[in-house]
Amino acid sequence: MLLAILPEILLLVLIGFVIALDAIWKPERRRILGWVTAGGLLLIMVVALLVSRPVDGEARLIFGGMLRQDWFGFAFKLLFLFSAAVTALFAMDIKGAGQKGEFYTLMLVSTLGMNLMASSADLIMLYLSIETTSIPLYILAGFMTRDDKSVESGFKYLLFGAVTSTVMLYGFSLLYGFSGQTNLYHLSLAFYDAQFPDLAMLAGLLLVLVGFGFKVSIVPFHFWAPDVYEGAPTPVAGFLSTASKAAGFAVLLRVLMALFTPVAAGYWVTLLAIVSVLTMTLGNFLALAQKNIKRMLAYSSIAHAGYILIGVVSLSQLGGTSVVFYLLGYLLTNLAAFGVVVAFWQVVGSDEIASYAGMSRRSPWLALAMLVALLSLAGMPPLVGFVAKVFVFAAAVQADLIWLAIIGVLNSIVGLYYYLTVLKVVYLYRSPDDDKPISVSRPYAIALLVLTLGIILVGTIMGPWFAWATTAAQGIF
Amino acid sequence: MNFVVDNLLPLILFSPALVALVLLFLPRTEKNLLRWAAFIGSLIPLAFALALWFSFAPQQPGFQFEQKAAWYEALGSSFHLGVDGLSLTMVLLTTVLTPIAILASYSVQERVKAYMILFLLLETGMLGVFLALDLLLFFVFWEIGLVPMYFLINQWGSEKGERQLWGGLKVSARTYASFKFMIYTMAGSLGLLLAIQMIGVTSGTFDLPELFKIWPGLTSLQGVPLGIPIATVKAVAFWAFVVAFAIKVPVWPFHTWLPDAHTEAPTAGSMILAGVLLKLGAYGFLRLVLPLYPQEAHQYAGWLAFLATMAIIFGAFAAYGQDDFKRLVAYSSVNHMGFVVLGIAAAARAVGTADATIALNGAVLQMFNHGLSAAGMFFLVGVIYERAHTRNLNDFGGLFPLIPVYGGILLFTSMASLGLPGLNGFVSEFLVVRGSWPIFTLWTALSMIGLLLTGLYILKGIKKVLHGPLNEHWVGHITEIKFREIAVIAPLMVLMLWIGIWPAWILGVINDAMRMLFG
Amino acid sequence: MDFPVLSVIVFTPIVAGLLILLIPGDRKTEIRVTALAAAVLALILSAWVYFNYDTALGGYQLMEHHDWLPALGISYIVAVDGINAPLVLLTGVVMFTGVLISWGVDDRPREFFAFLFILASGVFGVFVAQDLFQLFFFYEIAVFPMYLLIAIWGWVQTREYAAMKLTLYLFIGSVIALVGGLAMYFEVGLNTFNMIRIAEAGQAGAFSQSFQIFWFPFVFLGFAVLGGIFPFHNWSPDGHVAAPTAVSMFHAGVLMKLGAFAALRVGIMLLPQGAEYWRWVIMGLATVNVVYGAFIAMVQTDFKYVIGFSSVSHMGLVMLGFSTLTPEGLTGAGIQMFSHGVMTALFFAVVGMVYDRAHTRQINELGGFSKKMPWVAVAFIIGGLVSMGMPGLSGFVAEFPIFMGVWRVAPIVAIIAAISIVITASYIIRIIGKVFFGPMPEAFEHHIGDVTVLDKVALVVLCVIMIAIGVYPAVMSPLVASGVESILRLFGGA
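All chains use their own residue numbering, which begins from 1 and follows the written sequence. Both sets of labels track the order of writing: A upward for chains, 1 upward for ligands. Residues qualify for local features only when their pLDDT is at least 70, as the model is predicted, and side-chain atom pairs are given and counted only at 80 or more; totals for whole chains, interfaces and linings, by contrast, use all residues. Neither water nor hydrogens contribute to the side-chain values; these are computed over all heavy atoms in the structure.

### Here we look at the interface of chain C and chain B
(1) Moving on: Throughout, a contact is declared for two residues whenever any of their heavy atoms are within 4.5 Å. Facing the 34 residues of chain C at the interface are 31 residues of chain B.
(2) Moving on: When two parts are brought into contact, each loses some accessible area as probed by a 1.4 Å sphere; the total of that loss over both is the buried area. Between chain C and chain B lies a buried interface of about 2900 Å² when both sides are counted; carbon and sulfur atoms form 81% of it.
(3) Moving on: The largest per-residue losses of area from chain C upon contact with chain B belong to C:Phe400, C:Trp407 and C:Ile429, which jointly make up 22% of the total buried on that side.
(4) Moving on: We count a salt bridge whenever a side-chain nitrogen from Lys or Arg sits within 4 Å of a carboxyl oxygen from Asp or Glu. On inspection of chain C and its partner chain B, the count reaches zero salt bridges.
(5) Moving on: Secondary structure counts use DSSP, requiring at least four H or I residues in a row for a helix and at least two E residues in a row for a strand, with both numbered from the N terminus. Counting only elements with at least two residues in the side of chain C that touches chain B, the list comes to helix H13 (327-358), helix H15 (374-388), helix H16 (394-409), helix H17 (411-436), helix H18 (453-471) and helix H19 (477-489) of chain C.
(6) Moving on: If one sorts the elements of the side of chain C that touches chain B by residue count, H16(C) sits on top with nine residues.

This is the structure in structure tokens:
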């Protein structure tokens, strides 16, 4: 049982290590904490793969039913650890953040929370882990205390998050109240009991969706995303858009599949299908109007949440697999995109899309990384975004939700428009600084290289990753 | 030697193109080299054609020297060549006229290489029409001939003159003429193209000997869901063919491209245009229209005769009214080709009778004869134009004493054109009239008017140029005809005389062919 | 044959493109030479494939099969048959001549050739793909580089607009077709994307009539957008004009064929009953393409727009041939794809050469170019004659059977479509007369030079091909006919 939570324990150890080093080291050396964090996280991943793998086909409840050791949770843990490692690398050179041990500590705590979220099998644990994840993120968003925008974003995030998690908690209380159960898997059986009114179940469903919807930023709980992404330090925005969102989807998927299916499937499928359409459409169309790249990426993230929901509502093996695979691909891609934004901002100091003019002449490789990332977001082969979208739409077609697939593909066209517009600025437009090359520091270069190669490789050699995603999706049950 | 005999037709057909290919590699600046290479090269097809003439067996029915190669099997079309008496005559005409025309082109100074190459490609195109025994192949060569001629007129045609196109756009006369020529002919070919497509779909083959057997007897249009009775379809297809060929001949009222094209073309271009290209149309009538549409031809022969007569009469009137010598000769082509069509119409009406055969003999011989005399006349007009830089008849006058040799040659050629007994024109025109009289008495009688007028315009032309009071302007300014130019016209004159006195050598071949084809 | 020829052809461009990206940006000669080497290799191999196809044997040859994602039945399968072998050769030819024509590209040639080659790999990949997923995969790879190529190296006036319009249009088409493809995959239920097996299942009745009738328009029209079918052709003229020369050559010469080919391969071959149901609609749209395209071309004042609209018209003939579902019609369409590809590549090359020197494409501002560029004039004339369907050249060899096929099913349409021949002739002659002959405006007299040797080589190659097919159709028609035969067997032997 301990082996099952070895990653989390090691995370705690790493947290302690970082705090200690932060106390000992002089401020100039503290930048190296980034390497330490990243290295530590990678090590934890290796250990987890070696030792904490769930036995195939067998899932068991541990810690008194609080957590469930299964492939689903395990797969997501790996995603979170990877994402945190990359974010640590990206954060290293941010003034006012990368040299502070607190930054890395908060990130690690949040990662710990996410790990627990993915494995949660109990309402209490769910709530605890969500809060553990969110609270450090609020602080991280507002980390740059001298920057008004950052403070505003942190505050907004806090308020929004607090309200929605309260609503969600009320939902949890309804579910508990009528069933007397907190374990998700036992709770699902209680729905068949005559004592559990349908109305209560639906109310519980809706309230719970409020909380989860906030986490994954779907309509109508998406309002925080653009402001928070814009104001927060960029690596944090990257972390939010990938790991945090993935964690939200992990719990969403688990709760919907294990708890509310098949009893409320009719309701939530229809509801989420509509939400998916709204999310994709709103996200894409609002992204069209953005002039700030972080806001654009924020709306794009909202849109992508919509695409992922298509996989969720397909309610099938392929649907679940496609969600996990999409999250993997999306993680790689969005981290890369935000990474390029960070690297560029370090030199140019602006997040306006117009300021990206001439980037391709100043740093062809950085521009190429941007190209790969944005085209993957658009869904172009041979990048991972393409196969991810194909799988999601295939799940929809298989489930006879042809209309949803068509709206999805049409939305991806809209997305293509604004991604190409950015690329146009990068490659076509010139700036007076054309001859000044952009230097990219070592951690960024390594991270971007790994991510870019990942995007291409997962997009072409999909076999093993698809198998991994299938196992993960099957692990819910 | 065996190779030559076995592949005589492809050799005749492709040797001009091969010579053109050789010319491609010669330097552009060596004009004399190019000219002589082209001239000597053009004698090669002539040599082959003569070999063909002497190996041909006139009494043998059907096609000889046949060759068939895979070409476009997916459509049922093959590369099928063959000759009979009709096509042999035309091949001879073409291969005789081309070297002569090239020799006449020695005065062309600009872009000699391109000119010669186009000329030789044109020869291949024309020979292909005459030698093709596959309908698709026929059409391909028919169209191919257009392109070199277009450029010859457009690029080397007369430099003076301006005409107006649509929208007030002013272009040079030669641009106008070439454009009109091209569009007119292509528009006519469009109907032909559609009809050929339909024939191919229905019969499943484009092979002419097979089509001659299948097509006339077809009672239903399998494979083409037109929903119209087959008689109507065949009538429409008949007229599509007729229009296309009528434009080429040209038959009145489809002749309006001809005066411009002939007038603006360079001398040698006009020689070939009048000498051979017009015959393509008549050949099309004989080779395709009559055998494929015997009933329709019989039915509409009267119309054809009417149009032919109009061509004869109006062509002559128009020629008479011209001040431009070249345009006069151009209209004379309309006039002379009218007789060809009259003979064909007579044959269409009364296939199988002796009269029809006589008319056909006349028609085919007229094709050959007109080729010679028209080429000669255009050449002579070119000769005087090069010296005088005018073609206006009113600018000349009394030139005979100044250029007696030219005058004599002009007289001789004009008489051949006029139809003086003893020269070739008379033989063919007599045969046509003799053959058509019993069949189309009225039209033939009316065409006699045309004959009268022919005399009128020819004599007018001669009078204005050679006779009458001497125009002082030319004294000392006009030179006699040169040796090269005499070398050009001499063979034509010899042939004109020979056919006039003793036509049997060619008439025999023609007669056998006509009897076997339409007898 | 164990050597994976087809895969080598498919991947050579993209590998070369990646290699080119590694060359420092200022070493332009090395970049160009590498590009040329790759193009030559691809050309030689594609010619080898073309001439080594055994027509008597027929069917799919030189097949390679690897599993890609077995869980979903996705594989990497490549093979040639009578329909795609000429198209592979066409791509090789256009790639080769395109590189030659682009020798003078001076602004970031490295990125230019890299993107161009990604496009080329995509094109090759689609033509030889036998797996549905693989086809879509390479299809989109073939489209997205167009955006960058046009937006960055295109004509300044309209490049951004045209590039975006083109990319969005083409993508809408392809994703709609993708949904259709997925529907077919699930309907067959064999858990395979292998098109050969799907076709067999379809023959055995896996697709109901109503399924085919519903999905055929999605799939066919989705791909036919790239083929320029009316009313979704609007992206094409602007795209053609805005693109740099080599990209226009690829665009009109190969990419539009990609759309038509995919429409044939996925639409007609996998949903034959759907094709039969919808053929009159397709025929109608294609006829509009042919005639309307020709009319619009006639009134253009910009040289390149004339060519662009003429492509719309000629691609209409391809789709007209498809819609007849007869041996002649399909054979003609197959040859037309090749013939038009070569011809239009030549046209755009010529337009580029004229524009590079004159810096204008307005027809009434040009004139007399045959004096300065005689080879170019001759090449354009030959191309123009092909475009008119002049017998003796490849255009006639292609158009004649299409018309024969139309005669078999809808004679009236044949007559209507024939109008386009006259219209085409008139605008071609007008352009030739105005641009190449006639007087040269004063402004150009002194600074217009002849084209380079490389340009001439490209022009000669293209002309020779068109003449060879025109004079001796047997070099292509049996091959295409054998491919057509397999298609028609799907219709119960038409």
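### A few points about helix H12 (residues 267-292) of chain B
Residue and element names in this part refer to chain B.
(1) Moving on: Here H12 contains 26 residues, and its C-alpha end-to-end distance of 36 Å stays within 8% of the 38 Å for a straight helix at 1.5 Å per residue.
(2) Moving on: Here the bend at a residue is taken as the angle between two axes, fitted respectively to the seven residues that end there and the seven that start there. Its maximal kink placed at Leu273, H12 deviates by approximately 35°.
(3) Moving on: The rule is simple: take the accessible area with a 1.4 Å probe, protein chains only, and divide by the maximum for that residue type; under 20% is buried, over 50% is exposed, in between is partly exposed. Of all 26 residues making up H12, 26 are buried, and the element is well covered by its neighbours. By this rule, a helix spans an expected 1.5 Å times one less than how many residues it contains.

### Description of the interface of chain C and chain A
(1) Moving on: Counting residues at the interface gives 38 residues for chain C and 40 residues for chain A.
(2) Moving on: Where chain C abuts chain A, roughly 3400 Å² becomes buried across the two surfaces, and 84% of that area is made up of carbon and sulfur atoms.
(3) Moving on: On inspection of chain C and its partner chain A, the count reaches two salt bridges.
(4) Moving on: A:Arg361 is the partner of C:Asp107 in a salt bridge, and the nearest nitrogen-oxygen pair spans 3.4 Å.
(5) Moving on: Two N or O atoms count as a polar contact when they lie within 3.5 Å, although within protein this holds only if one can serve as hydrogen donor and the other as acceptor, and sequence-adjacent residues are included solely when both atoms are side-chain atoms. Put simply, chain C and chain A have seven residue pairs in polar contact (both at pLDDT 80 or more) between them.
(6) Moving on: Secondary-structure elements contributing two or more residues to the side of chain C that touches chain A are helix H1 (5-22), strand S1 (61-69), helix H4 (109-128), helix H5 (132-153), helix H6 (159-188) and helix H8 (209-227) of chain C.
(7) Moving on: The element best represented in the side of chain C that touches chain A is H6(C), accounting for 14 residues.

### Considering the confidence of the model for chain B
(1) Moving on: On a scale of 0 to 100, pLDDT captures the predictor's confidence in every residue. Across chain B, the average pLDDT comes to 89, with 98% of residues at or above 70.
(2) Moving on: Overall fold confidence for the complex sits at a pTM of 0.88, while the interface term, ipTM, reaches 0.87.

### Some words on the pattern of salt bridges
(1) Moving on: Under the counting rule described, the total for this entry stands at 31 salt bridges over all chains.
(2) Moving on: Put simply, C:Asp302 and C:Arg361 hold a salt bridge, and the shortest N to O gap is 3.1 Å. One end of the pair, C:Asp302, is in the loop between helix H11 (272-298) and helix H12 (303-324); the other, C:Arg361, is in the loop between H13 and helix H14 (369-372), and 59 residues separate them in sequence. The same class applies to C:Asp302 and to C:Arg361, which are both buried.
(3) Moving on: Each of A:Lys149, A:Glu152, A:Lys156, A:Asp227, A:Glu230 and A:Arg295 takes part in one network of salt bridges that share partners.

### Here we look at the packing of aromatic side chains
Residue and element names in this part refer to chain A.
(1) Moving on: Between 30 and 60 degrees the pair is tilted, below 30 it is stacked and above 60 it is edge-to-face, where a pair is any two Phe, Tyr or Trp rings, Trp via its six-membered ring, whose centres lie within 6.5 Å. This model, assessed by the stated rule, comprises 80 aromatic pairs over all chains.
(2) Moving on: Ring geometry for Trp71 against Phe74: centres 5.4 Å apart, planes inclined by 90°, an arrangement best described as edge-to-face. Placement of the pair is Trp71 and Phe74 together in helix H3 (residues 71-91), with a separation of three residues, close to one helical turn.
(3) Moving on: Of the residues examined, Trp71 reaches a relative accessible area of 15% and is grouped as buried.

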